[in-house]
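# Tertiary structure, described
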Amino acid sequence: MRVSEAGNLRKEDFFEIGDRWFWKVTTVGARSLKTASSERRIPVHKALVDEGFIDFVKAAKSGRLFKGDTKDAILIQPRISTWVRSLIPFDKRPELSPNHGWRHLFEDLCRRDHVPEDARNYMTGRTDGGSQELYGRSEVMLPGLAAAMDRIIPIRLT
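Residues numbered from 1 in each chain as written. Predicted model: local features only at pLDDT ≥ 70, side-chain atom pairs only at ≥ 80, totals over all residues. Heavy atoms only, no water.

### Overview of the sheet that holds strand S1 (residues 14–17)
Here 3 strands make up an open sheet; going across it, the order is S1-S2-S3 and the pairing antiparallel. Because the sheet does not close on itself, it has two edges, and the strands there are S1 and strand S3 (40–43). Averaged over neighbouring strand pairs, the angle between their axes works out to 35 degrees when direction is ignored. Of the pairings in the sheet, the one linking S1 to strand S2 (residues 20–25) comprises 4 bridges and is antiparallel in character. Across the sheet, the residue bridging to Ile17 is Arg20, located in S2. Running over the sheet, helix H7 (residues 142–150) touches S1, S2 and S3 and is turned about 50 degrees from S3. (Pairing = 2+ DSSP bridges. Helix = DSSP H or I, 4+ residues; strand = E, 2+ residues; numbered from the N terminus. Axes fitted to C-alpha atoms, helices over the stretch in contact; angles between N-to-C directions. Contact = heavy atoms within 4.5 Å.)

Here's what the structure looks like:
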């Protein structure tokens, strides 16, 4: 998802179906998305659950999850950039923007791990303009989407 979309996540966007967690990328609450097809529900990857992200969500107060010292989600982008630069050295290529590459990395991981293209497009909010994209957005698809997400092998930093 886009960093600005992540910056606008609210506790109320997370929900559980069976034993799996998902979140909604939505315009509810005067939030904006790039396109109408960007509204979607995404399975929480098990690596995030293992890292304690769902515990963080459960313990959070209602409202935006990532507040910091700003009320503007757009201002979260440079803060995430600073955080990433503190973890990963960019000495050789200081012009790189860490936030721009997250979605590209996710798509590369999906390709590497054979996530079906329609699931990848749905999770990233992309569209190819086909009419089939208007179908199949009910909750019945979510277990299959979670199975597609499970194909992605977590990156392990050593």
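### Considering the packing of helix H6 (residues 117–124) against H7
Between H6 and H7, whose axes approach to 10 Å, the crossing angle comes to 100 degrees. Judged by the inter-axis angle, H6 sits roughly perpendicular to H7. The segment H6 lies against H7, with Ala119, Tyr122 and Met123 engaging Leu145, Ala148 and Met149. Split into classes, the residues belonging to the contact of H6 with H7 amount to 6 nonpolar, no polar and no charged. (Parallel < 35°, antiparallel > 145°, perpendicular 65-115°, else oblique. Nonpolar A, V, L, I, M, F, W, Y, C, P; charged D, E, K, R; others polar.)

### Thoughts on the environment of Glu12
Its place among the elements puts Glu12 in the loop between helix H1 (3–7) and S1. Assessed through its relative accessible area of 38%, Glu12 is described here as partly exposed. Linking Glu12 and Trp23, residues 11 residues apart in sequence, is a C-alpha distance of 8.6 Å. Ignoring sequence-local partners within four residues, the contact set of Glu12 consists of Lys24, Ser62 and Gly63. There is a polar contact of 3.1 Å between the side chain of Glu12 and the backbone nitrogen of Gly63. (Buried < 20%, exposed > 50% of the residue type's maximum accessible area, 1.4 Å probe, protein only. Polar contact = N/O pair within 3.5 Å; in protein donor to acceptor, adjacent residues only side chain to side chain.)

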